[in-house]
Amino acid sequence: MDLSKLSTGDKLIAGSTIGLFVFSFLPWFTVDFDGPFGGGTLSGWDVGFLWGRFPLFLAVLMSAYVGVKAFSPDTKLPTLPVASGHALLGVGVLCAFLVILKLLLGEDLGTFGSLEGTGIEVNRSYGLFLSVIAAVGLAVAIPAVLAYNAFNRRNRVWLAKLDAFAHDLYTVLTVGEK
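The model shown is predicted, which means the values in this text are computed figures rather than measured ones. (Residues numbered from 1 in each chain as written. Predicted model: local features only at pLDDT ≥ 70, side-chain atom pairs only at ≥ 80, totals over all residues. Heavy atoms only, no water.)

J.: Please clarify how the packing of helix 3 (residues 84-105) against helix 4 (residues 126-175) should be interpreted in this entry.
T.: Relative orientation of the contacting elements helix 3 and helix 4 amounts to 160°, with a least axis distance of 8 Å. Between helix 3 and helix 4, the crossing angle belongs to the class labelled roughly antiparallel. Relative to helix 4, the crossing made by helix 3 is left-handed. Across the interface between the two elements, Gly85, Leu88, Leu89, Gly92, Val93, Cys95, Ala96, Val99, Ile100, Lys102 and Leu103 from helix 3 touch Leu128, Phe129, Ser131, Val132, Ala135, Val136, Leu138, Ala139, Ile142 and Pro143 from helix 4. Of the residues that constitute the contact of helix 3 with helix 4, the class distribution is 17 nonpolar, 3 polar and 1 charged. (Axes fitted to C-alpha atoms, helices over the stretch in contact; angles between N-to-C directions. Helix = DSSP H or I, 4+ residues; strand = E, 2+ residues; numbered from the N terminus. Parallel < 35°, antiparallel > 145°, perpendicular 65-115°, else oblique. Left-handed = near helix turned anticlockwise from the far one by under 90°. Contact = heavy atoms within 4.5 Å. Nonpolar A, V, L, I, M, F, W, Y, C, P; charged D, E, K, R; others polar.)

Take a look at the structure:
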């Protein structure tokens, strides 16, 4: 498998997918009970399909799409109604939106009813924050590559102008005229 076939955006998508998968097993929320009961944690697999597993499923689909496109060019993929970059951007933004929304909403453990006055505390944990970073990586992979390409294009133009100026300066200094 030749990884040089993957573009920078494809590598960002694959890395973010791996990160989101690993971080989904880490604690997203900690639950503390007053008294002798102690507490526990909830991972990305415990917080519901929409918040933990669905963004991971979409990320795996994104990685599978870019992998098939790069490593199996003979495979006929379905024609999308939009450009593939736009589709990947939309799916990545949806993943980031769902994970960030879970970060903002928190976990309410609604099966217990209202938690006020019960001595039960639910707090966000590091796995959720790392998952947000990975999900944002999915969302910004394509725009980051577009910005990188635009920056490199601008640099090539300026370097060509600088090279032409250096050549003209050398000609003037050595010959005395342009």
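J.: I keep staring at the sheet that holds strand 1 (residues 27-33) and nothing clicks. Help me out?
T.: Two strands in a sheet stick together by hydrogen bonds in their backbones, pointing the same way (parallel) or opposite ways (antiparallel). Across the sheet, which stays open at both edges, the 3 strands sit in the order 2-1-3 with antiparallel pairing between neighbours. At either margin of the open sheet sits one strand with a lone partner, and together these are strand 2 (39-43) and strand 3 (120-124). On average, each strand axis in the sheet is tilted by 20° relative to the strand beside it, whichever way the strands run. By the bridge criterion, 5 bridges tie strand 1 to strand 3 in an arrangement that is antiparallel. Among the inter-strand pairings, Asp32 is bridged to a residue of strand 3, identified as Glu121. (Pairing = 2+ DSSP bridges.)

J.: Help me out: how do you make sense of the nonpolar core in this one?
T.: Most often, soluble globular proteins keep nonpolar side chains buried together rather than apart. In terms of nonpolar packing, the biggest core is built from 15 residues, with Trp28, Phe29, Leu42, Val47, Val99 and Leu128 touching the most fellow members. Counting only elements with at least two residues in this core, the list comes to strand 1, helix 3 and helix 4. By size, the runner-up hydrophobic cluster in this structure holds 13 residues, among which are Leu56, Leu88, Ala134 and Ile142. (Core = buried A, V, L, I, M, F, W, Y, C linked by side-chain atoms within 4.5 Å. Buried < 20%, exposed > 50% of the residue type's maximum accessible area, 1.4 Å probe, protein only.)

J.: Looking at this model, I keep getting lost on the packing of helix 1 (residues 8-23) against helix 4. Mind explaining?
T.: The packing of two helices is summarised by the inter-axis angle and the distance between the axes. Running from amino to carboxyl end, helix 1 crosses helix 4 at an angle of 165°, the nearest separation of the two axes being 8 Å. Classed by the angle they form, the pair helix 1 and helix 4 counts as roughly antiparallel. Considering the relative orientation of helix 1 and helix 4, their crossing is left-handed. For the pair helix 1 and helix 4, contact is made by Thr8, Gly9, Leu12, Ile13, Ser16, Thr17, Gly19, Leu20 and Phe23 and by Gly127, Leu130, Ser131, Ala134, Gly137, Leu138, Ala141, Ile142, Ala144 and Val145, respectively. Classifying every residue of the contact of helix 1 with helix 4 by side-chain character gives 11 nonpolar, 8 polar and no charged.

J.: Mind showing me how you'd approach the environment of Val140 here?
T.: By secondary structure assignment, the location of Val140 is in helix 4. It is 8.8 Å that separates the C-alpha atoms of Val140 and Gly9, two residues lying 131 residues apart in sequence.

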